[in-house]
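What follows is the residue order along each chain.
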Amino acid sequence: MKATRYISLGAIVLIALTISVQGSVRPFGDASTLSDLQTIFNGIGSTIDAVNDQTTEALYEPTGTGNSVASYVATASWSAGDIDFGIYDMDNPNVQLSLFDYPTGVVGDSVVIQFNEGLDYVRVVDLNTLTVVDSSTYYFKEFGFYVNAPQVSATTYFSQDNLNPGSLAHFLTYEGKGDQVTIGASGTYSDIDHWYVAAEAWTTSGPADSDFTDMVVQMESITPIPEPASLVLIGITTSSIVFVRRRFIG
C-alpha cells in the first residue's frame, strides 16, 4: 500500500511540473480588455470566447503534406506604421520568416508556408500574387510565432512567454470550433482544424493596451506540439517515480 501511495504522489508532481513549465498563464485579460478581439471573432462568424477559449499552445508543426496556409484576419488597434508577423524556428528563435509585413492589410490576404525538407528550405508564398514573400535555406518545421512593430520598438515578441521580457504574454491562441467563418477574399468555410493567433506588439513594462488585436491571423494545417522543457521534466519526474518504487519494494 505504501508503494502505491508514493507512486500516486509522484504522478501528481509530474502533472504539476508539466503544467508550470509551459510558461503560459491563461486566461489572460477579461471581457473588457479583450472586447475588441471578441468583436473580431464575432464579425467573422466565430463562436470563440476571447477570454474562456484561450489555449496554452505556443509551438506548432505542419500537418498533412507539410504546407500550411495563413490568412490575415484583422488589425483593429492602434496603427504602428508597420507590423511584422511571422514564424520562428523552435530551436533557434533568431531564424524568422515573415508572413505579413505592412502598415495596413486587406482582410483575407493569404500566404502558404512551404516546408520542404528534401530541398532544405522553408519559404512563404503570397497566394494572391504567387510571389515569394520570405524564405530560408535553414530548414525547420517546429515553430512559434513572432511579432514586432519596428517603428515603435526594436523588441520582438514571441508566442513562448518565457522568451519575452518579464515572461509576459504577447500572443493568445485559439482553436477553431468548426464555425462557418467569412474572412474577406478567403470566402466562407468551416474553421475546424484551424487556429487563431492574436498578437500584442507593443509594450514597455507590460502590454500597453493588452487587447491583442495588433495582428490577428488564422492558420490551417498546423498542430500544436509540447514545449521542449515539458518533455525534459516528464523524463526526469518519471525516472524519480521508478526510483522511489524500486527503493521501497526492493
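Residues numbered from 1 in each chain as written. Predicted model: local features only at pLDDT ≥ 70, side-chain atom pairs only at ≥ 80, totals over all residues. Heavy atoms only, no water.

Before going further, it helps to examine the packing of aromatic side chains. Both the distance between ring centres and the angle between the ring planes are used here to describe each pair of aromatic rings. Tallying each qualifying case throughout the model produces 12 aromatic pairs. Ring geometry for F28 against F212: centres 5.3 Å apart, planes inclined by 75°, an arrangement best described as edge-to-face. Of this pair, F28 sits in the loop between α1 (2–21) and α2 (35–44) while F212 sits in the loop between β13 (194–199) and β14 (215–220); the two residues are 184 residues apart in sequence, bridging distant segments of the chain. (Phe/Tyr/Trp six-rings, centres within 6.5 Å; stacked < 30°, edge-to-face > 60°. Helix = DSSP H or I, 4+ residues; strand = E, 2+ residues; numbered from the N terminus.)

Glancing now at the sheet that holds strand β5 (residues 110–116). Pairing between the strands of a sheet is mediated by backbone hydrogen bonds and can be parallel or antiparallel. Reading across from one edge, β7-β6-β5-β2-β14-β13-β10 is the order of the 7 strands in this open sheet, with antiparallel pairing throughout. A single partner strand is all that each edge strand has here, and the edge strands are β7 (132–136) and β10 (171–175). Strand-to-strand twist across the sheet, computed as the mean angle between neighbouring axes with direction ignored, equals 20°. Note that β5 and strand β6 (residues 121–126) share 6 bridges and pair antiparallel. Within β6, the position partnered with V112 by the bridge is V125. (Pairing = 2+ DSSP bridges. Axes fitted to C-alpha atoms, helices over the stretch in contact; angles between N-to-C directions.)

Turning our eyes to something else, we now look at the pattern of salt bridges. Enumeration over the complete set of coordinates arrives at 2 salt bridges. Here K177 ties to D53 by a salt bridge, and the two come within 3.3 Å at their closest N and O atoms. One end of the pair, K177, is in the loop between β10 and β11 (180–182); the other, D53, is in the loop between α2 and β1 (59–62), and 124 residues separate them in sequence. The class of K177 is partly exposed, set by a relative accessible area of 46%. (Salt bridge = Lys/Arg side-chain N within 4 Å of Asp/Glu carboxyl O. Buried < 20%, exposed > 50% of the residue type's maximum accessible area, 1.4 Å probe, protein only.)

Turning our eyes to something else, we now look at the confidence of the model for the chain. Looking at the chain as a whole, the pLDDT averages 79, with 75% of positions reaching at least 70. Taken element by element, the predicted model of the chain shows its lowest mean pLDDT in α1 (36) and its highest in β10 (97). Taken together, the stretch residues 1–22 has pLDDT below 50 and engages in 25 contacts with residues farther than four places along the chain or on a different chain. Contacts for the low-pLDDT stretch residues 204–208, under 50 throughout, to residues beyond four places or in other chains number 10 contacts. (pLDDT = per-residue confidence, 0-100. Contact = heavy atoms within 4.5 Å.)

The buried count for β13 comes to 6 of 6 residues, which makes it a mostly enclosed element. By the bridge criterion, 5 bridges tie β10 to β13 in an arrangement that is antiparallel. Across the sheet, L172 pairs through a bridge with A198, a residue of β13. Note: β13 against β14, 6 bridges, orientation antiparallel.

Another aspect to go through is the environment of D30. The residue D30 is located in the loop between α1 and α2 in this model. Judged by its relative accessible area of 38%, D30 falls in the partly exposed class. Through-space distance from the C-alpha of D30 to that of A50 is 8.3 Å; in sequence the pair is 20 residues apart. At a separation of 3.0 Å, a polar atom in the side chain of D30 contacts the main-chain amide nitrogen of S32. (Polar contact = N/O pair within 3.5 Å; in protein donor to acceptor, adjacent residues only side chain to side chain.)

When α2 is considered as a whole, its buried residues turn out to be L37, Q38, I40, F41 and I44. Projected down its long axis, α2 carries its buried residues within an arc of 155°, all on one side. In α2, the exposed positions that point more than 90 degrees away from the buried face belong to T39 and G43. Looking at the packing, one finds that the buried side of α2 touches β2 (67–74), β10, β11, β13 and β14. Following α2 by one or two positions, G45 has its phi on the positive side, about 95°. (Arc of directions from axis to C-beta.)

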